[in-house]
Amino acid sequence: MWFHLTHAIAVSLGLALACWATGGAAETGGSPQLSTNQQYLEEAMRPPSLDTGDLKSVFDFVLASLPPLVKVYPTENYFYFNFMHAHVRYAGNLRFDVHDRDDGKVHFAYFEDLAEWKEEAPVTHRVMGKADGVEVAKVGMLAYRVTAGIHSVVFELNDLSGVKPPPGLLTAEERFIGPIFDESGIRFFLVYNRRLKIFHYLLDETATVAEQFTAMRTANRILIGKRTGFAFYRDHRIERKILIGVFEGNARVNNYFDGPFDQLPDNFIEGEALRSAITAIEPRLKGRIDRLGISPGGADRYMIAPYRHYRLEEDLAIFHECATGKVVPAELYYGCFVFVEEPPPPTASETAGSRKPKMRTKNPASAKSNRSARR
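Please read all numbers here as calculations on a predicted model, not as lab measurements.

## Focus on the overall build of the protein chain
Thinking step 1. Within the protein chain, the secondary structure is distributed over 6 helices and 18 strands.
Thinking step 2. Taken over 375 residues, the protein chain has a buried fraction of 52%.
Thinking step 3. Residue pairs in contact within the protein chain that sit at least 24 positions apart in sequence constitute 63% of those at least 6 positions apart.
Thinking step 4. As displayed, the protein chain has an accessible area near 16900 Å², and 54% of this comes from carbon and sulfur atoms.

## Comments concerning the nonpolar core
Thinking step 1. Counting residues in hydrophobic clusters, the biggest one holds 61 residues, and the most contacted among them are Phe 59, Leu 94, Phe 108, Phe 155, Leu 316 and Phe 337.
Thinking step 2. No other element matches the 5 residues that helix H3 (residues 55–65) contributes to this core.
Thinking step 3. If we ignore the near neighbours within four places in the chain, the residues touching Phe 59 are Leu 94, Val 106, Phe 108, Met 128, Val 134, Val 146 and Ala 148.
Thinking step 4. Formed by 31 residues, the second largest nonpolar core is a distinct cluster that contains Tyr 201, Leu 243, Tyr 256 and Phe 261.

## Remarks on the pairing of strand E3 (residues 88–95)
Thinking step 1. With 6 of 8 residues buried, E3 lies mostly within the body of the structure.
Thinking step 2. Across 8 bridges, the pairing between strand E2 (residues 78–85) and E3 is antiparallel. From the neighbouring strand, His 85 faces E3, where its bridge partner is Val 88.
Thinking step 3. Summarising the sheet, E3 and strand E4 (residues 106–112) pair through 6 bridges and their orientation is antiparallel. Residue Leu 94 lies in a different strand from E4, and its bridge partner there is Phe 108.

## Points about the sheet that holds strand E8 (residues 151–157)
Thinking step 1. Spatially, the 4 strands line up as an open sheet ordered E1-E8-E7-E6, and their pairing is mixed. Strands with a single pairing partner mark the edges of an open sheet, and in this sheet they are strand E1 (69–72) and strand E6 (134–140). Along the sheet, successive strands turn relative to each other by an average axial angle of 25°, direction set aside.
Thinking step 2. Relative to E8, E1 runs parallel, the two sharing 4 bridges. Looking across to E8, one finds that Val 70 is bridged to Phe 155.

## What about the state of the cysteines?
A covalent bond between the sulfur atoms of two cysteines is referred to as a disulfide.
Thinking step 1. Within the structure shown, the criterion is met by 1 disulfide.
Thinking step 2. Note that Cys 322 is cross-linked by a disulfide to Cys 336, the S-S spacing being 2.0 Å. In this structure, the disulfide formed by Cys 322 and Cys 336 twists by about -70° around the S-S bond and is classed as left-handed. Of this pair, Cys 322 sits in helix H6 (residues 317–324) while Cys 336 is found in the loop between H6 and strand E18 (359–361), placing the two residues 14 residues apart along the sequence.

## A look at the sheet that holds E4
Thinking step 1. What the 4 strands build is an open sheet, ordered E2-E3-E4-E5; its pairing is antiparallel. Of all the strands in the sheet, the pair left with one neighbour each is E2 and strand E5 (124–128). Neighbour-to-neighbour, the strand axes of this sheet turn through a mean angle of 15°, independent of strand direction.
Thinking step 2. Its contacts with the sheet put H3 on E2, E3, E4 and E5, and the angle it makes with E4 is roughly 100°.

## Remarks on the side chain of Gln 263
Thinking step 1. Among the structural elements, Gln 263 can be located in the loop between helix H4 (248–252) and helix H5 (273–281).
Thinking step 2. When its relative accessible area of 0% is taken as the criterion, Gln 263 is described as buried.
Thinking step 3. Among the polar contacts made by the side chain of Gln 263, one reaches the main-chain amide nitrogen of Glu 76 at a distance of 3.0 Å.
Thinking step 4. Non-local contacts of Gln 263, meaning those with residues more than four positions away in its chain, are made with Pro 74, Thr 75, Glu 76, Asn 77, Tyr 78, Tyr 80, Ile 180, Phe 181, Asp 182 and Glu 183.

## A short note on the confidence of the model for the protein chain
Thinking step 1. Scored by pLDDT, the protein chain comes out at a mean of 88, with 85% of its residues at no less than 70.
Thinking step 2. Counting interchain partners and residues more than four positions distant, the pLDDT-below-50 stretch residues 1–25 has 137 contacts.
Thinking step 3. Predicted confidence is poor over residues 349–354, with pLDDT under 50, and the contacts of this stretch with residues over four places away or in other chains come to 5 contacts.

## What about the side chain of Thr 279?
Thinking step 1. For Thr 279, the location among the structural elements is in helix H5.
Thinking step 2. At a separation of 2.9 Å, a polar atom in the side chain of Thr 279 contacts the main-chain carbonyl oxygen of Arg 275.
Thinking step 3. A polar side-chain atom of Thr 279 sits 3.3 Å from the main-chain carbonyl oxygen of Ser 276.
Thinking step 4. Not counting the four nearest positions on each side in its chain, Thr 279 is found in contact with Leu 285, Lys 286 and Ile 289.

## Some thoughts on the pairing of E8
Thinking step 1. Across 6 bridges, the pairing between strand E7 (residues 143–148) and E8 is antiparallel. Paired with Tyr 144 across the two strands is Phe 155, which belongs to E8.
Thinking step 2. Linking E7 to E8, which pair antiparallel, is a turn of 2 residues; within it Gly 149 sits at a positive phi near 65°.

About the criteria used
Residues numbered from 1 in each chain as written. Predicted model: local features only at pLDDT ≥ 70, side-chain atom pairs only at ≥ 80, totals over all residues. Heavy atoms only, no water. Helix = DSSP H or I, 4+ residues; strand = E, 2+ residues; numbered from the N terminus. Buried < 20%, exposed > 50% of the residue type's maximum accessible area, 1.4 Å probe, protein only. Contact = heavy atoms within 4.5 Å. Areas by Shrake-Rupley, 256 points an atom, 1.4 Å probe, with all protein chains shown as cover. Core = buried A, V, L, I, M, F, W, Y, C linked by side-chain atoms within 4.5 Å. Pairing = 2+ DSSP bridges. Axes fitted to C-alpha atoms, helices over the stretch in contact; angles between N-to-C directions. Disulfide = S-S within 2.5 Å. Polar contact = N/O pair within 3.5 Å; in protein donor to acceptor, adjacent residues only side chain to side chain. pLDDT = per-residue confidence, 0-100.

This is how it looks when you write it as structure tokens:
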């Protein structure tokens, strides 16, 4: 009785410039930052002053709005931003892709922000480089200076190279793939169970967890984050928390809390660890993905989302029932924390045994939405 999510949700809503972009490092103390309705309304009412139809103008605006040094926290190397223009909120990102950032490239995308009540707007995207008047220079092991005209910003990628699971956190069957820093601010360990051929996201509690949890009313081993909506199960066998749920509403609008599937530890995956795990699960992908699970040309990436998108607390009860019930053999216990969604009926051209492996569409804009499977 295993569970696994199959629909692809695609990635891209920004960390606000005023919060994530300024200062270059996380705040460690001091008073909270106050924001007011007045500030929001005055920004929403501001007359249009930016040509959003001109990508280079938007790129220059973003770069000019940043301080000289910023921190890129998410581990797929997205620097998210948002801004208000013509009374509409826009979101976007700069991405330092592990495949081409050392070649002087940076991916840039922006779009009208998503909401459940409206259709998705087109995404504007370009891979920027010297031909666009943009210079991307590596200035450190995980640091890149982006220069356009008179503006220059150093983007410091998140160095988690020393982050490892503490002793005793993993079972003998589990292999550590890498550390994850999600755009939600929650850190995870991505692990692969070689015997059961499943992935888990374990909560990284070696650093301060930026969350408060409340126990589910009918199953106190299930903890739900007050800020993120992430749901974790307190393992019966090891003192650790396994991610089992992401709130469906967050996934639908692609905000910071849509789950860690889109922040894989690209900078820290060693050798063939990820590819060998994926091809053990999906032998059909042998020779069809690179060591990061990405298809040739970068259009698709293997989807690692073993948690459930839940709407109500009751949707999570199935994990506790599986873990504490008598139906599942003891050796399959950890399969209880992988959600499998019922697949749709096969089309005329396929059979259930010939279905394609679950991939997440990795379009150039790095936008994410389950409504169109954009990443």
